[in-house]
Amino acid sequence: MVKSLTKFWMGSLRRLLDIQANSAHAATPPSSPHRAPGQPAASPPPMAPEAYESRVRPRAAAWAGGVWTCARHPVSPAPGRLVNHLQYGLYLPAGHTQAGRPLLVMLHGCNQSIDEFAEGTRMNLLADRFGFAVAYPEQSQQAHPHRCWHWYGTGDHAGVTEAQAVVSLVDALLAEYGFDSERVYVAGLSAGAGLATQLALHDPRRFAALALHSGPAFGEARSGIAAMDVMRRGLRHEPVALLDQALDVAAYPGMPALIIQGDADSVVAPVNARQLAAAFAYLNHLPAASVVHESREAGVSVTWHDYRRAGQAVVRLCEVSGLGHAWSGGDDTVPFHSASGPDASALIWDFLSQARRLPEA
């Protein structure tokens, strides 16, 4: 029975990863077919643009003016944990004073490295412009062969332990660099968004706001198989009821949330985003009804769902027309990033930077 479940899980995971790969490269035009003998030559295609240089190592200076370093953060041993450290990248924008800067924690998705995530999102360029530091925790391939964060489950082998490791890293960075503890933010893509949700729910007083891009809904997944079911179909129960089971909502301090989702995502069904928006509206004690409006951003239709307090959006859902499972407005030379749609990185920083976690009395 165990072998059968393992075989089913691995087969399902391979199919899921195939879907991810196809979605990530959907915007890439197919190569021209070979010309048959005697067939007239087609007009030469326009010259391709020069390949992009990396925004991170080894040519970081070509794009970003700050310092990119990689290091290992030691974490406490835990049952089932194969490695007792968390590898991460840290981007420090140009300038001699790091004390008082905001800190943004970026959590990558499956089959991504921190270098690819930094390059594809171009978040380091925004860090240069606005003066915030960016930390990129990286999932170990020993913990998961495809570098997926275990955003599901509640045991020592699951996302709670990995979330604790990220929190430990944040605390260490605050102590070492003196970043502003009232302006620590977290953002994630896909499985990284799932782990960001874990951080927001279990350590809300460490983070001022969060952003979730193409992320799964919270509350039902207790195993890998259940996680795939949520990703494909959304939650089978009401998000509000699941939150009431998981934590004391009345005591929850609130957390502004931006949720970005492509309506053509075949890996994480768009219903997940709407369920996340409903959940965070409930956590922030906002009305269940949102204010909906549409616009065109970067030539693409976008639908906005704002859950407001005093006229300001505290929870915002951004649905991007035609976008698959990829970072909106990113560098499409990097897998799981699409040049189509609004610049998600700019949207994220604009939203997050307005929030501040005030110290407890």
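See the structure shown above.
All values reported here derive from a predicted model rather than from experimental measurement. (Residues numbered from 1 in each chain as written. Predicted model: local features only at pLDDT ≥ 70, side-chain atom pairs only at ≥ 80, totals over all residues. Heavy atoms only, no water.)

J.: So what exactly am I meant to see when it comes to the environment of A346 here?
T.: Turning to its location among the elements, A346 is positioned in helix α9 (residues 344-352). Under the relative-accessibility criterion, A346 is labelled partly exposed at 32%. Counting along the chain gives 224 residues from A346 to R122, while the straight-line C-alpha distance between them is 9.4 Å. (Helix = DSSP H or I, 4+ residues; strand = E, 2+ residues; numbered from the N terminus. Buried < 20%, exposed > 50% of the residue type's maximum accessible area, 1.4 Å probe, protein only.)

J.: Any chance you could explain the pattern of salt bridges here in plain terms?
T.: Two side chains with opposite charge may pair up if their charged atoms get near one another. In this structure the tally under the stated criterion is 11 salt bridges. With its nearest N and O atoms 2.9 Å apart, the salt bridge here joins D203 to R206. The partly exposed category is assigned to R206, whose relative accessible area is 31%. What emerges from the salt-bridge pattern is a single network uniting D180, E182, R183 and R356. (Salt bridge = Lys/Arg side-chain N within 4 Å of Asp/Glu carboxyl O.)

J.: Got a minute to help me understand the side chain of T303 in this structure?
T.: Mapped onto the secondary structure, T303 falls in strand β9 (residues 300-309). If we ignore the near neighbours within four places in the chain, the residues touching T303 are V292, H293, E294, L317, C318 and E319. (Contact = heavy atoms within 4.5 Å.)

J.: Would you explain the sheet that holds strand β5 (residues 184-189) in this entry?
T.: Paired through backbone hydrogen bonds, the strands of a sheet run either parallel or antiparallel to each other. With respect to topology, 10 strands assemble into an open sheet ordered β1-β2-β4-β3-β5-β6-β7-β10-β9-β8, the strand pairing being mixed. The sheet terminates laterally at β1 (67-74) and β8 (291-297), the two strands that pair on one side only. Across the sheet, the axes of successive neighbouring strands diverge by a mean angle of 20 degrees, strand direction being ignored. Strands in contact with helix α2 (residues 114-121) are β1, β2 (85-92), β3 (103-107), β4 (133-138) and β5; relative to β4, the strand with the most contacts, it is inclined by about 140 degrees. Sheet strands in contact with α9 are β3, β5, β6 (209-213), β7 (257-262), β9 and β10 (312-320), and its direction is about 165 degrees off that of β7. (Pairing = 2+ DSSP bridges. Axes fitted to C-alpha atoms, helices over the stretch in contact; angles between N-to-C directions.)

J.: Can you walk me through the packing of helix α3 (residues 123-130) against α9 in this structure?
T.: For any two helices packed against each other, one specifies the crossing angle of their axes together with the interaxial distance. Between α3 and α9, the shortest axis-to-axis distance is 9 Å and the interhelical angle comes to 40 degrees. One finds that α3 runs oblique with respect to α9. Like other packed secondary-structure pairs, α3 and α9 cross with a definite hand, here right-handed. In this structure, α3 contributes M123, L126 and F130 to the contact, and α9 contributes S345, A346, I348 and W349. (Parallel < 35°, antiparallel > 145°, perpendicular 65-115°, else oblique. Left-handed = near helix turned anticlockwise from the far one by under 90°.)

J.: Any chance you could explain α2 here in plain terms?
T.: Side chains that are three or four residues apart share a direction in an α-helix, a result of its 3.6 residues per turn. In terms of residue burial, α2 counts as a mostly covered element, since six of its eight residues are buried. Along α2, the positions that sit buried rather than exposed are I114, F117, A118, E119, G120 and T121.

J.: Just checking my understanding: could you explain unusual backbone geometry for this structure?
T.: Excluding glycine, residues mostly carry a negative phi; peptide bonds, for their part, are mostly trans. The phi dihedral of S190 falls on the positive side, at around 55 degrees, and the residue is not glycine. Checked against the element boundaries, S190 lands in the loop between β5 and α5 (191-202). The buried category is assigned to S190, whose relative accessible area is 4%. Backbone geometry places A298, a non-glycine residue, at a positive phi of 55 degrees.

J.: It is not clear to me how the packing of helix α7 (residues 239-246) against helix α8 (residues 271-283) should be interpreted in this structure. Could you clarify?
T.: Between α7 and α8, the least distance of the axes is 9 Å, while the angle of their chain directions is 50 degrees. Between α7 and α8, the crossing angle belongs to the class labelled oblique. In the crossing of α7 with α8, the sense of the turn from one axis to the other is right-handed. On α8, the residues that touch P239, V240, L243 and D244 of α7 are Q275, A279, Y282 and L283.

J.: Please explain the packing of aromatic side chains as it appears in this structure.
T.: For any pair of aromatic rings, geometry is given as the distance between the ring centres together with the angle between the planes. In total, this model carries seven aromatic pairs according to the counting rule given. The interplanar angle of 90 degrees and the centroid separation of 5.6 Å between the aromatic rings of F117 and W327 together place this pair among those described as edge-to-face. With F117 in helix α2 and W327 in the loop between β10 and α9, this residue pair connects regions lying 210 residues apart in the sequence. Here F117 and W327 have matching classes, each one buried. Put simply, the rings of W68, F117, Y136 and W327 pair up and form one aromatic cluster. (Phe/Tyr/Trp six-rings, centres within 6.5 Å; stacked < 30°, edge-to-face > 60°.)

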